[in-house]
Amino acid sequence: MCITITVGERGRKLMGFSTTLINIVLIFLSIALFVAGIAIRIRIDKRLEIMGDYNPGALPYYLMVTAGLLFLGHMIAAWFCHSAIYVESRSDQHFYFVGVILALITLFIFVVISIIVMAVHSSLIYGALEDGIHNAMKAYKTDLDSKMRVDRLQLQFECCGVKTHKDWFKVSWVNTMYVNVLHPEVKPYLVDGEFIKDDVPFSCCSRHAKRACVHHSVSRFSQHEGISGATLHESGCADTIHDQFHKFLLAPTMWLLCIILILQAVDIPVMRLLQTSIFTADEMNDPQGVTEAYCIKGLGGGEDLRGLYKRRKSKDRDAEKGGDDDDSDEDKPKKKKGLLSKLKKKNDDDDDDDDDEDDDDDNPKQKKGFFSKFRKKGGDDDDDDDEGKGAKGLFSKFKKGKKGKDDDDDDKKKNKKGKKKDKKDKKAKKKEDKKAKNQKKKEAKKKKNAKKKAEKQKKQAKKKADKAKKKAANKAKKAAKKAKKKAKKSKGKKKK
């Protein structure tokens, strides 16, 4: 995809739209990757009890950091690509665009590393599950928490043992406190004081079995007549848990990373082509012109193209300068020859006096024209001969050319200074606008706060007035009650 192509303004707009859209899609995918990292961390934490010494934060945190960097990088890239769609919003500081492309290349490498890390951690998780389940099986007879954990795991995932139910045949999972060690049928199963037999815990029993579960003396088929199918879970817990973990989390995350990688592989070259197309258009002083876009300098683009554009610019400048003086440029060699011939003739006149007289008769105009140049400099003679004018015109053209170049340089400097001043003025205006906005906001906040304070004060005054009224009313009621009581008492006394 990194080839040299010819791009016009329509092509630049198309590349700008496409890269903007791709970067927006990558922003949403980076959010999905962040959520996947959180989900992996939560799922690992739930199974951390049976995962041995596995580091639960390594993979999720790496994925979340990568997702955050992808989010920021593609947010900035989307902004640059969107501003590159329109000529008016394009930035002339191309090194910023190049910096964004280099940052995206770094993120591309991060995504590749993430895919490798995912593959490595998939095998690490499986190994951690094997070790963790095997250790829990060993502690089954002595640790109640381990026993409950293993039984819950085997019932929930419908599994038995690490890889198969026969793993229980190699582990002493029955405590000898609950076994009659002296019984003759038990002694054959004692190995170094540990009871090891072809039995499995009840949690290995399948709920889908059509008959009673057989989990004692499982390998002795002579003791279990009429068995029509297995009554135990056939798959091991390490395989079952890892398969579910891989199916619902690891595999989707791997696919998500692959999609991000493919989109980045398309996005980065197109952004580079867009950036170089804009750069070469600026070099030609034609932002909407047809230019060549490339990915790597020296491979069909770069310095050769820039030299071509510089030559085109120099030709355009020469054409503009030479357009006004075409007639005078055609006469320059003739006038130079006339001046040199007059100098030669002067030397011949000094060597030969006879020839000098003849030359004076034959060529009065040339001799006269030669000295008239010097007379005109001093202001002594007003003779306007043709060759004298030609010599003077020759020197004046050189002076004009120099002056024209100086004027062009001055104009360029003035334009640069003008642009810098405009930028400074714009920045100053923006600062002033921001200050004015901030002041307005502060004033508005002050007004709001003052209003709130006034309202609070009014509410407080109303509350106080209401309380005072209530107190006065209560006092009046109490006084009335007391007066009534006194009146009753007085009446009773009078009756007595």
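This one's a predicted model, so the numbers in the text were calculated from it and none came from an experiment.

> Would you take a moment to explain the overall build of the protein for this structure?
A count of helices and strands for the protein gives 10 helices and 4 strands. Starting at the N terminus, the α and β elements of the protein follow one another as β-α-α-α-α-β-β-α-β-α-α-α-α-α. Restricting to contacts in the protein with at least 6 residues of sequence separation, those with at least 24 account for 72%. Entry remark: accessible area of the protein is about 33500 Å², with carbon and sulfur atoms responsible for 57%.

> What am I meant to see in the nonpolar core here?
One recurring pattern in soluble globular proteins: nonpolar side chains tend to sit buried together. Among the nonpolar cores identified, the biggest contains 67 residues, and L33, I40, I133, W168, I241, I260 and M271 are the most heavily contacted of them. At the level of secondary structure, the elements contributing two or more residues to this core comprise helix 1 (9–46), helix 2 (58–83), helix 3 (94–138), helix 4 (144–157) and helix 5 (237–283). Among the elements that make up this core, the one with the highest residue count is helix 5 (16 residues). Those residues in contact with L33 that lie beyond four places of it in its chain are L63, A67, L70, T253, L256, L257 and I260.

> It is not clear to me how the pattern of salt bridges should be interpreted in this structure. Could you clarify?
Pairing is possible between side chains of opposite charge, provided their charged atoms come close. Applying the stated criterion across every chain yields a total of 8 salt bridges. Note that R12 and E9 form a salt bridge whose closest N and O atoms lie 3.2 Å from each other. Pair noted here: R12 and E9 are both in helix 1, with a separation of 3 residues, about one helical turn. The two residues R12 and E9 agree in class, both being buried. A salt bridge links D151 to K147; its shortest N-O distance comes to 3.2 Å. In this pair, D151 and K147 are both assigned in helix 4, 4 residues apart and thus about one turn of the helix distant. For D151, a relative accessible area of 6% corresponds to the buried category. Look at the salt bridges and you will find they share partners, linking K197, D198 and D199 into a network.

> Any chance you could explain the state of the cysteines here in plain terms?
Disulfide: a covalent bond connecting the sulfur atoms of a pair of cysteines. Scanning the entire structure with this criterion turns up 3 disulfides. Paired by a disulfide, C159 and C237 hold their sulfur atoms 2.1 Å apart. Taking the torsion about the S-S bond as the criterion, the C159 to C237 disulfide, at about 90°, is right-handed. With C159 in the loop between helix 4 and strand 2 (190–191) and C237 in helix 5, this residue pair connects regions lying 78 residues apart in the sequence.

> When you look at the UniProt feature "transmembrane region" (unreviewed entry) in the protein in this model, what are you seeing that I'm missing?
According to UniProt, the "transmembrane region" (unreviewed entry) feature falls on residues 20–40, 61–80, 95–120 and 248–266. For residues 20–40, the end-to-end C-alpha separation is 30 Å, with 100% helix and 0% strand making up the annotated structure. With 100% helix and 0% strand, the stretch residues 248–266 has end C-alpha atoms that lie 28 Å from each other.

> How should the side chain of S146 be read in this particular structure?
Tracing the backbone through its elements, the reader meets S146 in helix 4. Separated by 2.8 Å, the side chains of S146 and D143 make a polar contact. Residues in contact with S146, not counting those within four places in the same chain, are A136 and A139.

Parameters and conventions
Residues numbered from 1 in each chain as written. Predicted model: local features only at pLDDT ≥ 70, side-chain atom pairs only at ≥ 80, totals over all residues. Heavy atoms only, no water. Helix = DSSP H or I, 4+ residues; strand = E, 2+ residues; numbered from the N terminus. Contact = heavy atoms within 4.5 Å. Areas by Shrake-Rupley, 256 points an atom, 1.4 Å probe, with all protein chains shown as cover. Core = buried A, V, L, I, M, F, W, Y, C linked by side-chain atoms within 4.5 Å. Buried < 20%, exposed > 50% of the residue type's maximum accessible area, 1.4 Å probe, protein only. Salt bridge = Lys/Arg side-chain N within 4 Å of Asp/Glu carboxyl O. Disulfide = S-S within 2.5 Å. UniProt positions renumbered as here; feature names shortened; annotations may be inferred. Polar contact = N/O pair within 3.5 Å; in protein donor to acceptor, adjacent residues only side chain to side chain.

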